[in-house]
Amino acid sequence: YRADSNSYKTEFNNGPYLFKLDEIKANCLVYEVPVNVVYNFARGKKHSWFASAGLSSYFMKSEKYDYIYKYQTMTQTHTYEFKNKNSHLFSVLGISAGYQYNFNRRLSLMAEPYIRLPLSGVGHGSVKLKSAGAMFTLSYKPFAPR
């Protein structure tokens, strides 16, 4: 992700420094562990609708940040790296709703738009990450009765 200096908390944002932090480029390896509750409603023989909500924990395995700052008339970059330093328990709220179509007892397709909202900042700079998207799942149950 990328963040501007207003979205990223660091020791360089505050204080009488000779340079101005412009942007941060981040490359992080993160494990997300979601805990969700799903409610199924409007079930039919071939389809169903569902809603889901939950909290995710983020475990930052590696973090690499390029700080891009201006010093007088020059642009400079400084890199910081961290390993296994930051963990954020239940720091992101996830909300979704979706539709599932059952082709038969074993095969189904789901479409699920979602949004993820920050409850606290993550990573070294405590960035308030948010995201939205759609997840499509093709599910096959090999041991389901015929």
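The shown structure was predicted, so the numbers you read here are calculated from the model rather than taken from an experiment. (Residues numbered from 1 in each chain as written. Predicted model: local features only at pLDDT ≥ 70, side-chain atom pairs only at ≥ 80, totals over all residues. Heavy atoms only, no water.)

Mapped onto the fold, Ala26 is located in strand 2 (residues 19–41). Taking the relative accessible area as the measure of exposure, Ala26 reaches 13% and is therefore buried. Ala26 sits 97 residues away from Gly123 along the chain, and the two C-alpha atoms are 9.5 Å apart. Beyond its immediate stretch of four places on either side in the chain, Ala26 contacts Tyr1, Lys64 and Tyr65. (Helix = DSSP H or I, 4+ residues; strand = E, 2+ residues; numbered from the N terminus. Buried < 20%, exposed > 50% of the residue type's maximum accessible area, 1.4 Å probe, protein only. Contact = heavy atoms within 4.5 Å.)

Positionally, Ser91 belongs in strand 5 (residues 87–102). Discounting chain neighbours no more than four positions away, the residues touching Ser91 are Ser56, Tyr58, Leu117, Pro118, Leu119, Ser120 and Val122.

Time to look at the side chain of Asn86. Positionally, Asn86 belongs in the loop between strand 4 (74–83) and strand 5. The class for Asn86 is buried, based on a relative accessible area of 14%. Among the polar contacts listed, one links the side chain of Asn86 to the side chain of Glu63, at a separation of 2.8 Å. The contact partners of Asn86, leaving out residues within four places of it in the chain, are Tyr58, Phe59, Met60, Glu63, Gly123 and His124. (Polar contact = N/O pair within 3.5 Å; in protein donor to acceptor, adjacent residues only side chain to side chain.)

Relative to strand 6 (residues 107–118), strand 5 is paired through nine bridges, and the arrangement is antiparallel. Each bridged residue has a counterpart across the sheet, and for Tyr101 the counterpart in strand 6 is Leu109. Here strand 5 folds back onto strand 6 in antiparallel fashion, the turn holding four residues. Pairing between strand 6 and strand 7 (residues 131–140): 10 bridges, direction antiparallel. (Pairing = 2+ DSSP bridges.)

Distances and angles like these do not, on their own, reveal function.
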